[in-house]
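Here are the chains, one letter per residue:
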Amino acid sequence: MNIMDFNVKKLAADAGTFLSRAVQFTEEKLGQAEKTELDAHLENLLSKAECTKIWTEKIMKQTEVLLQPNPSNALIKCGETQKRIGTADRELIQTSALNFLTPLRNFIEGDYKTIAKERKLLQNKRLDLDAAKTRLKKAKAAETRNSQLNSTRLEGDNIMIWAEEVTKSEQELRITQSEFDRQAEITRLLLEGISSTHAHHLRCLNDFVEAQMTYYAQCYQYMLDLQKQLGSFPSNYLSNNNQTSVAPVPSVLPNAIGSSTMASTSGLVITSPSNLSDLKECSGSRKARVLYDYDAANSTELSLLADEVITVFSVVGMDSDWLMGERGNQKGKVPITYLELLN
């Protein structure tokens, strides 16, 4: 019975609190009640958190649409080269899901849920605080009106009643102010972590871009291999066969790579295979511009920085995918796919 009484009292108290908050919120919207404004820094943090959530969701949705595997992928149906490109595509999807989408999803489903919960609590505490301020203001106004009347016994009792109400309201205001300040500090600490979330998102984005660069470099290399295979056919066969199913060599690479290049790699320039072949055949050296950064895998290779100009030349017996690069006193192998030969 005592438990039932307690539950009923608790339910009534919760209902009263909810009603008080609803009344305060409605009066604020109608301009009939005061509203405690959050400080500018906290408002800015709340806005930044909301903006981060919105853009994180947009990035997730658009990336998921982009990375949806295509069941009828034509790459898998066009021979061994297409199968290799299909495998690279699957690796890109898996890597991107692990290193890019998963951290973003963890933020939405973890950190931001906590922020949203504490933000809701802050809103409730603010409503409680403003409701307490409103009650105190009304109590003081009533006390003032009663004190201005002629002093009688009945009116004296009213003054005492309103004085007690003012005291009670002031105590309630102190409690609600303390709870609001505590909740505001908790929310502030959580929101200040948004900056580290931005940095983490940026690292994930860098990983995603690197995965794309690796994918397109692989696809380009696979198409170079295909070009070599197509170049092994007798020339009279290619010229006499009107039903040939392969496009001319110069259009193979642009169609295969250029049409699927994403915005993040739009600056990638594909080196002309004919120019590279000419360099392979001649014994001299040429100047080449580096298209993007490359970290040497071992001491025989030369690390590269985007947009720098180096000297390159071919060496007898070297793999066809590599040239010898030279920068001052430094020398080492460099990948052809990272270079653009200069005239």
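Remember, predicted model here, so these are calculated numbers, not experimental data. In every chain, residue numbers begin from 1 and rise along the written sequence. Reporting in this predicted model follows two pLDDT cut-offs: at least 70 for local features of residues, and 80 or more for side-chain atom pairs to be given and counted; totals over whole chains, interfaces and linings ignore these cut-offs and use all residues. Just so you know, side-chain values use all the structure's heavy atoms and leave hydrogens and water out.

Colleague: Explanation requested: a nonpolar patch on the surface in the structure shown.
Modeller: A patch is a set of surface residues, each over 30% in relative accessible area and not in a salt bridge, joined within 9 Å for like charges and within 5 Å for the nonpolar side chains Val, Leu, Ile, Met, Phe, Trp and Tyr. To be clear on the numbers: accessible area is Shrake-Rupley with a 1.4 Å probe, and residue cover counts the displayed protein chains and nothing else. The term salt bridge refers to a pairing of a side-chain nitrogen on Lys or Arg with a carboxyl oxygen on Asp or Glu at a separation within 4 Å. Among the surface-exposed residues, Ile54, Trp55 and Ile59 lie close enough to one another that they form a single nonpolar patch of about 280 Å² accessible area. Secondary structure counts use DSSP, requiring at least four H or I residues in a row for a helix and at least two E residues in a row for a strand, with both numbered from the N terminus. Within the secondary structure, Trp55 is located in helix α2 (residues 40-66). The buried label goes to any residue with under 20% of its type's maximum accessible area, the exposed label to any with over 50%, and the partly exposed label to all in between, with areas taken from a 1.4 Å probe on protein chains only. By relative accessible area, which is 48% here, Trp55 ends up partly exposed.

Colleague: I keep staring at the UniProt feature "coiled-coil region" (unreviewed entry) in the protein chain and nothing clicks. Help me out?
Modeller: UniProt positions are given in the numbering used here, feature names are shortened, and annotations may be inferred rather than shown by experiment. Here, the residues flagged by UniProt with the feature "coiled-coil region" (unreviewed entry) are residues 115-142. As annotated, residues 115-142 comprises 100% helix and 0% strand, and the C-alpha atoms at either end are separated by 41 Å.

Colleague: Is there a simple way to explain the environment of His198 in this structure?
Modeller: Here His198 is to be found in helix α5 (residues 194-231). Residue contacts are defined here by distance: any two heavy atoms, one from each residue, within 4.5 Å place the two residues in contact. Ignoring any residue separated from it by four or fewer positions in sequence, one finds His198 in contact with Lys48 and Thr52. A polar side-chain atom of His198 sits 2.7 Å from a polar atom in the side chain of Thr52. For the purposes of these results, a polar contact is taken to be a pair of N or O atoms within 3.5 Å, where, inside protein, one atom must be able to donate a hydrogen and its partner to accept one; residues adjacent in sequence count only when each atom of the pair is a side-chain atom.

Colleague: Could you clarify how one ought to interpret the pattern of salt bridges in this entry?
Modeller: In this structure the tally under the stated criterion is 15 salt bridges. A salt bridge links Arg126 to Glu28; the shortest N-O distance between them is 2.9 Å. Taken together, the positions of Arg126 in helix α3 (residues 80-147) and Glu28 in helix α1 (residues 2-29) put the pair 98 residues apart, joining distant regions of the chain. Grouping residues by exposure puts Arg126 and Glu28 together as buried. Across the pair Lys331 and Glu326 runs a salt bridge whose closest N-O atoms are separated by 3.9 Å. Put simply, Glu28, Arg126 and Asp130 are held in one network by salt bridges that share partners.

Colleague: How should the sheet that holds strand β1 (residues 285-290) be read in this particular structure?
Modeller: Backbone hydrogen bonds are what pair the strands of a sheet, in a parallel or an antiparallel way. Note on pairing: two strands pair once DSSP finds at least 2 bridges between them. Spatially, 5 strands are ordered β4-β3-β2-β1-β5 in an open sheet, and the strand pairing comes out antiparallel. Two strands close off the open sheet at either side, each with one partner strand: β4 (330-335) and β5 (339-341). Averaged over all pairs of adjacent strands, the angle between strand axes in this sheet comes to 45°, irrespective of strand direction. Bridge count between β1 and β5: 3 bridges; the pairing is antiparallel. Note on β5: the bridge partner recorded for Ala288 is Leu341. Between N-to-C directions, angles span 0 to 180 degrees; the directions come from axes that are lines fitted to C-alpha atoms, helices contributing only their stretch in contact.

Colleague: Got a minute to help me understand the nonpolar core in this structure?
Modeller: A general trend in soluble globular proteins is that nonpolar side chains are found buried together. Among the nonpolar cores identified, the biggest contains 28 residues, and Leu38, Leu42, Phe100, Leu122 and Leu191 are the most heavily contacted of them. Of all elements in the fold, only α2, α3, α4 (153-191) and α5 reach the threshold of two or more residues within this core. Per-element tally for this core: the top contributor is α3, with 13 residues. Residue contacts for Leu122: discarding those within four places in its chain leaves Leu38, Leu42, Phe180, Gln183, Ala184 and Thr187. Definition of nonpolar core: a set of buried residues of the types Ala, Val, Leu, Ile, Met, Phe, Trp, Tyr and Cys, connected through side-chain atoms within 4.5 Å. Grouped together as the second largest cluster of nonpolar side chains are 20 residues, Ile310, Val312, Leu323 and Met324 included.

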